[in-house]
Amino acid sequence: MSLLFDLFLTFFKIGAFSFGGGYAMLPLIEEEIIEVHNWITHTEFIDIIAISEMTPGPIAVNSATFLGYKVAGISGSVIATLGVILPSFIVMSIIFHFVYKFKNSPYIDWIFKGIRPVVLGLIASAAVSVAKSTFIDIKSVIIAIFLFYIVTFKKFNPILAIVVAGVLGVVLY
């Protein structure tokens, strides 16, 4: 029971203190799951992130579901998922009641302008963390740069990019 409570509390904290969506949550998830609780290895974390990205739905919810299952089975999956979504549900319920009162407030606008660079920094941190364990040789760096280029600058379909990455992986490895 203590493990389930720890899972819920951990993912509740992640959901409560992460702004900007799933990618911005990744550094906090990594810190809590690997460094603090030592529930999984860094390699397992990267694998779970890859699965979470490919699975339909928000990456934070998918990550919580997979990590909860890895740590404590089906009940862990349910508890971790509830933990990560509950803070957003609570906050959005509160915001809903006050949205009309503060919708034209310059202070709210300033707060969100201040949060934007924080979110970008968290996403960049997650990218660096994933890159450290993903770039195992020069081939993996070339694949990443090539796919980044075609998706970002040539507007190549990201789903087809995943297929291309798989084919390149098979051919090169």
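Preceding this section is the structure that the text describes.
Fair warning: this is a prediction, and the values are worked out from it, not measured in the lab. For every chain, the first residue of its written sequence is number 1, and the numbers climb from 1 along that sequence. Local features in this predicted model are restricted to residues whose pLDDT is 70 or higher, and side-chain atom pairs enter the listing and the counts only when it is 80 or higher, whereas totals over whole chains, interfaces and linings include all residues. Note: side-chain values were computed over all heavy atoms of the structure, leaving out hydrogens and water.

A. Fine view of the overall build of the chain. A run of H or I in DSSP counts as a helix once it spans at least four residues, and a run of E counts as a strand once it spans at least two, with each numbered from the N terminus. Secondary structure summary: the chain contains 7 helices and 0 strands in total. For the chain, the spread of C-alpha atoms along the principal axes amounts to about 55 × 45 × 25 Å. Burial statistics for the chain: of 173 residues in total, 27% are counted as buried. We call two residues in contact whenever any of their non-hydrogen atoms come within 4.5 Å of each other. Looking at the chain alone, contacts between residues at least 24 apart form 54% of all its contacts between residues at least 6 apart. Residue-level accessible areas treat just the shown protein chains as cover; the underlying method is Shrake-Rupley with a 1.4 Å probe. When the accessible surface of the chain is totalled, it reaches about 11,200 Å², and 74% of it is carbon and sulfur. Counting 10 positive and 10 negative side-chain charges, the chain places the averaged centre of each group 15 Å from the other. When a residue's accessible area, from a 1.4 Å probe over protein chains only, is under 20% of the maximum for its type it is buried; when over 50% it is exposed; and in between it is partly exposed. The charge count treats Lys and Arg as positive and Asp and Glu as negative. His and the chain ends do not count. Each charge is placed at NZ for Lys, CZ for Arg, CG for Asp and CD for Glu.

B. Highlighting the nonpolar core. Counting residues in each nonpolar core, the largest one holds 21 residues, and the members touching the most others are Phe11, Ile29, Ile40, Phe45, Leu67 and Val84. At the level of secondary structure, the elements contributing two or more residues to this core comprise α1 (2-17), α2 (22-36), α3 (42-54) and α4 (59-102). Leaving out residues up to four positions away in the same chain, isoleucine 29 has contacts with Ile14, Ile34, Phe45, Ser63 and Leu67. Among the buried residues, those of types Ala, Val, Leu, Ile, Met, Phe, Trp, Tyr and Cys that are joined through side-chain atoms within 4.5 Å form a nonpolar core.

C. Local environment of helix α5 (residues 106-134). The end-to-end C-alpha separation of α5 is 42 Å, in line with the 42 Å expected for 29 residues at 1.5 Å each. Among the residues of α5, Val119, Ala126 and Ser129 are the ones counted as buried. Contact partners of the buried residues in α5: α2 and α3. Nitrogen and oxygen atoms within 3.5 Å of one another constitute a polar contact, given that in protein one can donate a hydrogen and the other can accept it, and given that sequence-neighbouring residues count only through two side-chain atoms. The opening residue of α5 is serine 105, an N-cap whose side-chain oxygen sits 3.2 Å from the backbone nitrogen of tyrosine 107. The span one expects for a helix is its residue count, reduced by one, times 1.5 Å.

D. Quick look at the pattern of salt bridges. One speaks of a salt bridge when a side-chain nitrogen belonging to Lys or Arg is within 4 Å of a carboxyl oxygen belonging to Asp or Glu. Applying the stated criterion across every chain yields a total of 3 salt bridges. For glutamate 44, the salt bridge identified is with lysine 70, shortest N-O distance 3.1 Å. With glutamate 44 in helix α3 and lysine 70 in helix α4, the pair connects residues that are 26 residues apart, well separated along the chain.

E. Spotlight on the packing of α2 against α5. All axes are obtained by fitting lines to C-alpha atoms, using only the stretch in contact for helices, and the reported angles, taken between N-to-C directions, cover 0 to 180 degrees. Put simply, α2 and α5 touch, their axes get as near as 7 Å, and they point 60 degrees apart. Judged by the angle between their axes, α2 and α5 are oblique. As for the relative orientation of α2 and α5, their crossing is left-handed in sense. When α2 is examined against α5, the residues Tyr23, Ala24, Leu26, Pro27 and Glu30 are found in contact with a partner set consisting of Val119, Leu122, Ile123, Ser125, Ala126 and Ser129. Ten residues, namely Ala, Val, Leu, Ile, Met, Phe, Trp, Tyr, Cys and Pro, are considered nonpolar, four, namely Asp, Glu, Lys and Arg, are considered charged, and the remaining ones, Gly among them, are considered polar. Here the residues of the contact of α2 with α5 sort into 8 nonpolar, 2 polar and 1 charged. Working definition: roughly parallel below 35 degrees, roughly antiparallel above 145 degrees, roughly perpendicular at 65 to 115 degrees, and oblique for all remaining angles. When the near helix sits turned anticlockwise from the far one by under a right angle, the crossing is termed left-handed; a clockwise turn instead gives a right-handed crossing.

F. Highlighting the packing of aromatic side chains. What counts as a ring pair is set by centres within 6.5 Å for rings of Phe, Tyr and Trp (its six-membered ring), and what kind of pair is set by the plane angle: stacked under 30 degrees, edge-to-face over 60, tilted for all other angles. Counting across every chain of the model gives 4 aromatic pairs. Seen in terms of ring centroids, tyrosine 107 and tryptophan 110 are 5.2 Å apart; in terms of plane orientation they differ by 90 degrees. Their pairing is edge-to-face. Placement of the pair is tyrosine 107 and tryptophan 110 together in helix α5, with a separation of 3 residues, close to one helical turn. Tryptophan 110 matches tyrosine 107 in its accessibility class, with the two residues each being exposed. Centroid distance phenylalanine 148 to phenylalanine 153: 6.1 Å. Interplanar angle 85 degrees. Geometry classified as edge-to-face.

G. Just the side chain of threonine 10, in detail. On the secondary structure map, threonine 10 appears in helix α1. On the basis of relative accessibility, which here comes to 3%, the residue threonine 10 falls in the buried class. Ignoring anything within four residues of it in the chain, the contact list for threonine 10 reads Glu32, Ile33, His37 and Trp39.

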